[in-house]
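Letter by letter, the chains look like this.
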Amino acid sequence: MKYSPTKPPLTGETLESLTSCLKAQGEPAFRAKQMFDWVYKKRARSWDEMTNLPKPLRAWLADQFELMPMTLVHGKQSLDVTDKLLLELGDQSLIETVIIRAPQEGVGLEHSRKTICISTQVGCAMGCKFCASGLMGLKRDLSGGEIVAQLLHVCYREDAHDPRAHSGLASFDNIVVMGMGEPLANYEAITTALKIINADWGFGFGARRITLSTSGLVPNILKLADEPIGVRLAISLHGATDEVRSEIMPINKAYPLAKLIPAVRAFSEKHGRMVTLEFILIEGINDALDQAERLRDIAKDLHAHVNLIPYNTVEGLPWKRPSVTRQERFADILRRSRVSVTLRREKGHDIDAACGQLRLKTEKERELIDA
Ligand code: SAH
Ligand code: SF4
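Residues numbered from 1 in each chain as written. Chains lettered and ligands numbered in written order. Predicted model: local features only at pLDDT ≥ 70, side-chain atom pairs only at ≥ 80, totals over all residues. Heavy atoms only, no water.

Q: What's the story with the site of ligand 2 in this structure? I'm lost.
A: In the neighbourhood of ligand 2, the contacting residues comprise Cys 124, Met 126, Cys 128, Phe 130, Cys 131, Gly 134, Gly 181, Glu 182 and Ser 215. Residue classes in the shell around ligand 2 are distributed as five nonpolar, three polar and one charged. (Near = heavy atom within 4 Å. Nonpolar A, V, L, I, M, F, W, Y, C, P; charged D, E, K, R; others polar.)

Q: I'm lost on the pattern of salt bridges in this one. Help?
A: Opposite charge on two side chains allows them to pair when their charged atoms are near. Evaluated as defined, the whole model comprises 24 salt bridges. Asp 48 is paired through a salt bridge with Arg 58; the nearest N and O atoms lie 3.9 Å apart. Of this pair, Asp 48 sits in the loop between helix 2 (30–41) and helix 3 (55–64) while Arg 58 sits in helix 3, placing them ten residues apart in sequence. Residue Asp 48 is classed as exposed on the basis of its relative accessible area, which comes to 58%. (Salt bridge = Lys/Arg side-chain N within 4 Å of Asp/Glu carboxyl O. Helix = DSSP H or I, 4+ residues; strand = E, 2+ residues; numbered from the N terminus. Buried < 20%, exposed > 50% of the residue type's maximum accessible area, 1.4 Å probe, protein only.)

Q: Just to check I follow, could you spell out unusual backbone geometry for this structure?
A: Glycine aside, negative phi is the norm for most residues, and most peptide bonds take the trans geometry. Phi is positive for Arg 43, which is not a glycine, with a value near 55°. Topologically, Arg 43 is positioned in the loop between helix 2 and helix 3. According to the relative accessible area criterion, Arg 43 is buried, its value standing at 6%. The backbone of Gln 92 sits at a positive phi, close to 75°, despite the residue not being glycine. Here Gln 92 lies in the loop between strand 2 (82–89) and strand 3 (94–102).

Q: Before we go on, may I ask you to explain the sheet that holds strand 1 (residues 70–74) in this structure?
A: Strand pairing in a sheet relies on backbone hydrogen bonds. The paired strands run either parallel or antiparallel. Pairing is mixed across the open sheet formed by ten strands, whose spatial order is 1-2-3-4-7-8-9-10-11-12. Taken across any chain shown, the strands that pair with only one partner, and hence form the sheet edges, are strand 1 and strand 12 (341–343). For this sheet, the mean angle separating the axes of adjacent strands, direction not counted, is 25°. In terms of strand pairing, strand 7 (residues 174–177) meets strand 8 (residues 210–214) through three bridges, oriented parallel. Within strand 8, the residue paired with Ile 175 across the bridge is Ile 210. In this fold helix 11 (residues 289–302) packs onto strand 10 (276–281) and strand 11 (305–310), with an angle of close to 170° to the strand it touches most, strand 10. (Pairing = 2+ DSSP bridges. Axes fitted to C-alpha atoms, helices over the stretch in contact; angles between N-to-C directions. Contact = heavy atoms within 4.5 Å.)

Q: Looking at this structure, how should I read the domain arrangement of the protein?
A: Accessible area lost upon the coming together of the parts is a frequently used measure of interface size. When the domains of the protein are assigned, the result is domain 1 (10–64) and domain 2 (70–370). Spacing between the C-alpha centres of domain 1 and domain 2 amounts to 32 Å. Contacts between the two partners involve 14 residues from domain 1, matched on the other side by 20 residues from domain 2. Summed over both sides, the interface between domain 1 and domain 2 buries roughly 1400 Å², with carbon and sulfur atoms accounting for 59% of that surface. Taken together, the connections running from domain 1 to domain 2 amount to two salt bridges. Glu 16 is paired through a salt bridge with Lys 195; the nearest N and O atoms lie 3.0 Å apart. Elements with a contribution of two residues or more to the side of domain 1 that touches domain 2: helix 1 (15–24) and helix 2. Ranked by the residues each element gives to the side of domain 1 that touches domain 2, the list is headed by helix 2, at five residues. Of the residues in the side of domain 1 that touches domain 2, the class split is five nonpolar, three polar and six charged. (Domains from an automatic or database assignment. Buried area = accessible area lost by both parts, 1.4 Å probe.)

Q: Would you mind going over the pairing of strand 9 (residues 232–236) with me for this structure?
A: Across a regular strand the side chains alternate sides, sitting on one face of the sheet and then on the other. Burial runs high along strand 9: four of the five residues are buried. The pairing of strand 8 with strand 9 spans four bridges and is classified as parallel. Each bridged residue has a counterpart across the sheet, and for Thr 211 the counterpart in strand 9 is Arg 232. In this region the chain leaves strand 8, passes through helix 7 (residues 218–225) and returns to the parallel neighbour strand 9; the handedness of that crossover is right-handed. As paired strands, strand 9 and strand 10 are joined by three bridges and run parallel to one another. For Ile 235, the partnering residue across the bridge sits in strand 10 and is Leu 277. (Right-handed = clockwise from strand over helix to strand, strands pointing away.)

Q: What is the right way to read the site of ligand 1 from this model?
A: Residues in close proximity to ligand 1 total 20 residues, the closest being Gly 181, Ser 213, Ser 236, His 238 and Asn 312. Measuring from a nitrogen atom of ligand 1, one finds a backbone N or O atom of Gly 181 at 3.0 Å. Between ligand 1 and Ser 213, the relevant distance is 2.6 Å, taken from an oxygen atom to a side-chain nitrogen or oxygen of the residue. Elements represented by at least two residues in the shell around ligand 1 include exactly strand 8, strand 10 and helix 13 (351–356). (Polar contact = N/O pair within 3.5 Å; in protein donor to acceptor, adjacent residues only side chain to side chain.)

Q: It is not clear to me how the nonpolar core should be interpreted in this structure. Could you clarify?
A: Nonpolar side chains in soluble globular proteins tend to end up buried together. Phe 130, Phe 172, Phe 203, Leu 277, Leu 295 and Leu 308 are the most contacted members of the largest nonpolar core, which totals 108 residues. In terms of residues, this core owes the most to one element, helix 5 (residues 144–158), which gives eight residues. For this core, the domains that each give at least three residues are domain 1 (10–64) and domain 2 (70–370). Apart from residues no more than four positions distant in its own chain, Leu 277 is found in contact with Ile 235, Leu 237, Leu 295, Ile 298, Ala 299, Leu 302, Ala 304, His 305, Val 306 and Asn 307. Counting residues in hydrophobic clusters, the runner-up holds six residues, among them Val 98, Ile 100, Val 176 and Met 178. (Core = buried A, V, L, I, M, F, W, Y, C linked by side-chain atoms within 4.5 Å.)

Q: How do you make sense of helix 5 when you look at a structure like this?
A: Three- or four-residue spacings in an α-helix give side chains the same orientation, since the helix completes a turn every 3.6 residues. For helix 5, with 15 residues, the first-to-last C-alpha span of 22 Å sits near the 21 Å given by 1.5 Å per residue. Burial within helix 5 is extensive, with 15 of its 15 residues counted as buried. (Expected span 1.5 Å × (residues − 1).)

The following block contains the structure:
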């Protein structure tokens, strides 16, 4: 499931890998840093902009690396609460990167806080029954460079109205790894990308402002806990007993709750941070009150935050979200036991609606474009 482009993307290189590559060319060590400055701080979009690099070197680099491994197919001009960038990769695969704005009173939408939802695979192999990405199966992994490049496209769009861009800072506030794909099933690429996003020579973006969401690949949760990068962790739980969880998430058969919960505890203890348990409420599937009670017990045990997400209808699936009264009743069971819980109710700018269902929308967009 790998795509091997003729030229690797520059956005997949680390300071070490680029330095050693340039060294082999007889270039001084500081060149790598200069190049990353152009890419991540000054957002250069062509080799020619990199004026402090000798021309022959620029020509050599253009021959060796792809400066940007994807192109923007479309993204509308006006700003909306949720903006989707449709990006085309070198093999014509399409992915979406989503900008979610949190509107604040008294300021225009262009000044709102921005959460960026990035994808890690084209499709997903995990086959969760409620998820549009899961319905389509896995096409391929994204490379580290393709994961990072999504954020540059966000900057290209946002920089014009974000003053932080002038200081070379990222023009967004949070990153959620909650787009298409299971990030921990593409472990090398996501950890390399996180390193580049976090490093001073890269985006310089704080790990605490990054949340990685996983469906529960236990061995890689444990591996991630040992990495030097302190991202936040969210678990797609969606079932509070093995019986319910296995019915909607095939991964629960390989890694049932008795394995998942200790792994989450280990991560949480290592990082000293609350983990988030995501729980989509689907009518008649996982919204019974005894599920709420079990979820409460798990959350208390793990000292975790619970994010309740009313199910978003996916075309082709018969399920729907429970009534607001039922959602509230479910949430109350957690609240009464002082579990930290959020129940999302806003329409239209729902983070999970935006990024949980990327693939179907993407495919539809492609049909529209091809038509
Ligand atoms: N594969 C990872 C990361 C992708 S996150 C994971 O599953 O955690 C995608 C998020 O969107 C997950 O929390 C998933 O539970 C949520 N999601 C998927 N389908 C959804 C739907 N129909 N309604 C609401 N949320 C959904
Ligand atoms: Fe994959 Fe996550 Fe969707 Fe499950 S919820 S199919 S793991 S993207």
